[in-house]
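# Summary of structural features
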Amino acid sequence: MIKYAHVQEWVDQMAAMCQPDDIYWCDGSEDERKRMTAQAVKLGELIELNQEKLPGCFLHRTAANDVARTEHLTYICTTFQGDAGPTNNWMPPREAYRKAREIFTGSMKGRTMYVVPFSMGPIGSPFSKIGIELTDSVYVVLNMRIMTRMGEQVLDALGPNGEYTKCLHSKADLDIDRRLILHFPEDNAIWSVGSGYGGNVLLGKKCLALRIATVQAQREKWLAEHMLVLGIEEPNGRIQYVAAAFPSACGKTNLAMLIPPQGLKQKGYRIWTVGDDIAWMRLDTDGQLWAINPEMGFFGVVPGTNSKTNANAMTTIARGTIYTNVALKGDGTVWWEGHDDPPPAEAIGWQGTPWTPGMVDKDGKPRLSTHANARFTAPLLNCPTHSFRMEQHHGVPIAAIIFGGRRATLAPLVYESFDWEHGVFLGATMASERTAAQVGALGEVRRDPMAMLPFCGYNMADYFGHWLDMGRRVTRQPRIFHVNWFRTDEKGKFLWPGYGENLRIIEWVLGRCRGEVEGVKTPIGFVPNPKDLDMTGLDVPADAMAKLFAVSRDAWQAELKDIAGFFDQFGTRLPAEMWRQYELLSARLQAK
Ligand code: GTP
Ligand code: SPV
Ligand code: MN
């Protein structure tokens, strides 16, 4: 394997600090996967599942305090605090390196340091970025193999002087008080220590492909977003692609793998899954926005996944999958809340102790077999609907951008912005109820602009400015929409069936993009005229439909106040256009 001097020098420096027993350069071969898997089983990092029923599948359990991203321990480390902005934790680089160095020193004693070269995006594409992750976790290596294009060919593509993101990870002692997820955009480096949970440690994903990439994207004039990408093919062969940003655990994986509902079957749509979590979008010379998914796998939410909600995911995770924090059944298969099968009479719960249905914790709350943020790591190519454009260097052309949140009230099922600037305002003022994907209070509504609150690596005010700037550069602007699958009735029941039925809404979105359907103007944007939604085979009562599309001026007035508070924290750095949009919305809400 080629070991370029500039890479070797950095590896040596990091090894001198972490003091591993040995260093192993990963080549990405099949033989290597087998060896490392066997070793992970020996170390207890992986449990082999029933290979007849779940070929190539393994189970991993994390420490109980290490089950989700820890946003309060995640930092953007820039010379000036203003470059990280008010929505990020900030530390000056020198202090960050000093603090982390104390934890990294000697952290790999008795372990191997793996050198993992990976490419985000097709190897060699001008769209792609290379990273090298040093880690003492076999679990991380095996996950990175699934999630990225990993191995020797990446070093070949890097070349002797190539730029790459220096990613350093050590589990250290998995102590939450000695856990730090540090980003150094000025050095193109990431240091993560003290965790073994996906988003904290698979450094190609949120750390590189979002936090570091957003900084590069601003500089190089493209977009790095927390978005799924899917294609909708009509029987005449036309495929239109949409990109959609929903906060963590708010439906990206589900929408990306959508199966047309029974009632729309006769229309013959075919769905293509390009990506479920991250999109990198660039302008081409045709003035069009093109998107790639920089990943090669899914790191998806397990609970609630079944053949009714997401049959494609069920097929995807039936082989070659690493399950994290689910329940283990006696026959060596797995189970979770929301699985197709009824609860097993007994199982080993996600924490490794016996579990039986109906168990309660000390506080009387039901004890779940599976952690609410349990995940599967599965190859994208396992997905029956995976896009045939995965290796296409330019990706796919984007017709519509969709923002969405989890809001029990306020936001209609779908509405469309008046123009790009208003669309940026929709994204910038998104809010959503918190989920189990990050450590913290569940259910609380927080502002999560463009679903990027935890992932924007620079000042969010500048990020909004960048979105506005991109709009001026794209000559064929995608239309921008907002959706909310999660509106509830007075009893807290979802008003909209969701999942596959969401295609009905996507249909309207695409109809709008082609200029084929009229919208109904409201103060917040265009909503569908009910007659323009194809509801064949779906029975949603008229009063539920009315509630789904209701725009309450009073509720929106209250929302405006909250938006003002959110905008205020950016001071004069917030683009004036955002306040202009705010005033326009305010005026529309007051007009009769
Ligand atoms: P990350 O991987 O954390 O970025 O999340 P994601 O956006 O990919 O989330 P995912 O698709 O895994 O959705 C997670 C949760 O949303 C699960 O509890 C799903 O059951 C629920 N969900 C997804 N789509 C819908 C929908 O259309 N309606 C309703 N009611 N729930 C949905
Ligand atoms: C998310 O939390 O948005 C995820 C899972 O997609 S993680 O990779 O852990 O960030
Ligand atoms: Mn995500």
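Because the structure is a prediction, the values reported are computed rather than measured. (Residues numbered from 1 in each chain as written. Chains lettered and ligands numbered in written order. Predicted model: local features only at pLDDT ≥ 70, side-chain atom pairs only at ≥ 80, totals over all residues. Heavy atoms only, no water.)

### Here's the deal with the pairing of strand 11 (residues 189-193)
- In terms of burial, strand 11 is a largely internal element, five of the five residues being buried.
- Of the two faces of strand 11, the one holding Ala-189, Trp-191 and Val-193 and the one holding Ile-190 and Ser-192 are both buried throughout.
- Pairing of strand 9 (residues 165-170) with strand 11, which is carried by five bridges, proceeds in the parallel orientation. The partner of Ser-170 across the bridge, within strand 11, is Val-193.
- Both strand 10 (residues 180-184) and strand 11 contribute to a ladder of five bridges, which runs antiparallel. The residue of strand 11 that forms the bridge with Ile-181 is Ser-192.
- What sits between strand 10 and strand 11 in their antiparallel hairpin is a turn of four residues, with Asn-188 showing a positive phi close to 50 degrees. (Buried < 20%, exposed > 50% of the residue type's maximum accessible area, 1.4 Å probe, protein only. Helix = DSSP H or I, 4+ residues; strand = E, 2+ residues; numbered from the N terminus. Pairing = 2+ DSSP bridges.)

### Thoughts on the side chain of Ser-119
- Within the secondary structure, Ser-119 sits in strand 6 (residues 112-120).
- Within the structure, the side chain of Ser-119 is placed 2.9 Å from the backbone oxygen of Gly-121, a separation counted as a polar contact.
- Beyond its immediate chain neighbours, meaning those up to four positions away, Ser-119 contacts Ser-128, Lys-129, Ile-130, Thr-148, Arg-149, Val-154 and Pro-294. (Polar contact = N/O pair within 3.5 Å; in protein donor to acceptor, adjacent residues only side chain to side chain. Contact = heavy atoms within 4.5 Å.)

### Focus: the coordination of the manganese ion (ligand 3)
- The manganese ion (ligand 3) binds to the protein through Lys-206 (NZ), His-226 (NE2) and Asp-277 (OD); the donor distances cover 2.2 to 2.4 Å.
- Between the six donor atoms coordinating the manganese ion (ligand 3), the angles at the centre fall across 66 to 173 degrees, so the site counts as irregular.
- Mapping the donors of the manganese ion (ligand 3) onto the primary sequence yields the spacing K-x19-H-x50-D. Of this pair, Lys-206 sits in helix 8 (residues 204-220) while His-226 sits in the loop between strand 12 (223-225) and strand 13 (227-233); the two residues are 20 residues apart in sequence, bridging distant segments of the chain.
- The class for His-226 is buried, based on a relative accessible area of 0%. (Donors = N, O, S within 2.8 Å, 3.2 Å for Na, K, Ca; no water. Tetrahedral: all angles 85-135°; square planar, octahedral: opposite > 155°, others 65-115°.)

### Details of the domain arrangement of the protein
- Each domain of the protein was delimited in the assignment, giving domain 1 (5-45 + 70-220), domain 2 (225-295 + 388-590) and domain 3 (298-382).
- Look at where the C-alpha atoms of domain 1 and domain 3 centre, and you get two points 28 Å apart.
- Taken together, the contact pairs ten residues of domain 1 with ten residues of domain 3.
- Between domain 1 and domain 3, a total of about 750 Å² is buried, with carbon and sulfur atoms accounting for 69% of that surface.
- In terms of surface lost to domain 3, no three residues of domain 1 exceed Tyr-139, Ile-146 and Tyr-197, which account for 60% of the buried area on that side.
- Viewed at the interface, domain 3 and domain 1 are joined by zero salt bridges.
- Seen at the junction of domain 1 and domain 3, the total is three residue pairs in polar contact (both at pLDDT 80 or more).
- At the level of secondary structure, the elements contributing two or more residues to the side of domain 1 that touches domain 3 comprise helix 5 (138-147) and helix 7 (198-201).
- Here the side of domain 1 that touches domain 3 gets five residues from one element, more than from any other, and that element is helix 5. (Domains from an automatic or database assignment. Buried area = accessible area lost by both parts, 1.4 Å probe. Salt bridge = Lys/Arg side-chain N within 4 Å of Asp/Glu carboxyl O.)

### A short note on the sheet that holds strand 24 (residues 375-379)
- Strand order in this open sheet of five strands is 2-3-19-24-18, and the pairing throughout is mixed. Edge positions in the sheet fall to strand 2 (47-48) and strand 18 (297-301), since each of these pairs with one other strand and no more.
- Judged from the three bridges that link them, strand 19 (residues 322-324) and strand 24 form a sheet pairing that is antiparallel. Paired with Thr-324 across the strands is Arg-375, a residue of strand 24.

### Points about the state of the cysteines
- Counted under the stated rule, the structure contains zero disulfides.
- Cys-167 provides the cysteine sulfur closest to Cys-18, a residue in no disulfide bond, and the two sulfurs are 13 Å apart. (Disulfide = S-S within 2.5 Å.)

### A few points about empty space enclosed by the protein
- Here the structure, examined in full by the defined rule, presents four cavities of 30 Å³ or more.
- Looking at the largest cavity, its volume works out to about 140 Å³.
- In this structure, the largest cavity is lined by 16 residues; those nearest its centre are Tyr-415, Leu-426, Thr-429, His-482 and Trp-556.
- Among the secondary structure elements, those contributing two or more residues to the lining of the largest cavity are helix 11 (420-428) and helix 15 (553-568).
- In terms of residue class, the lining of the largest cavity is built from eleven nonpolar, three polar and two charged.
- For the second largest cavity, the calculated volume is near 70 Å³.
- In terms of lining, the second largest cavity is formed by Pro-247, Ser-248, Ser-432, Glu-433, Arg-434, Thr-435, Gln-438, Arg-446 and Asp-448.
- Residues of the lining of the second largest cavity, tallied by class, amount to one nonpolar, four polar and four charged. (1 Å grid on protein atoms, 1.4 Å probe; cavity = no way out; pocket = protein on both sides within 12 Å on 5 of 7 lines; lining within 4 Å. Points joined across faces, edges and corners; volume = space filled by probe spheres on them. Nonpolar A, V, L, I, M, F, W, Y, C, P; charged D, E, K, R; others polar.)

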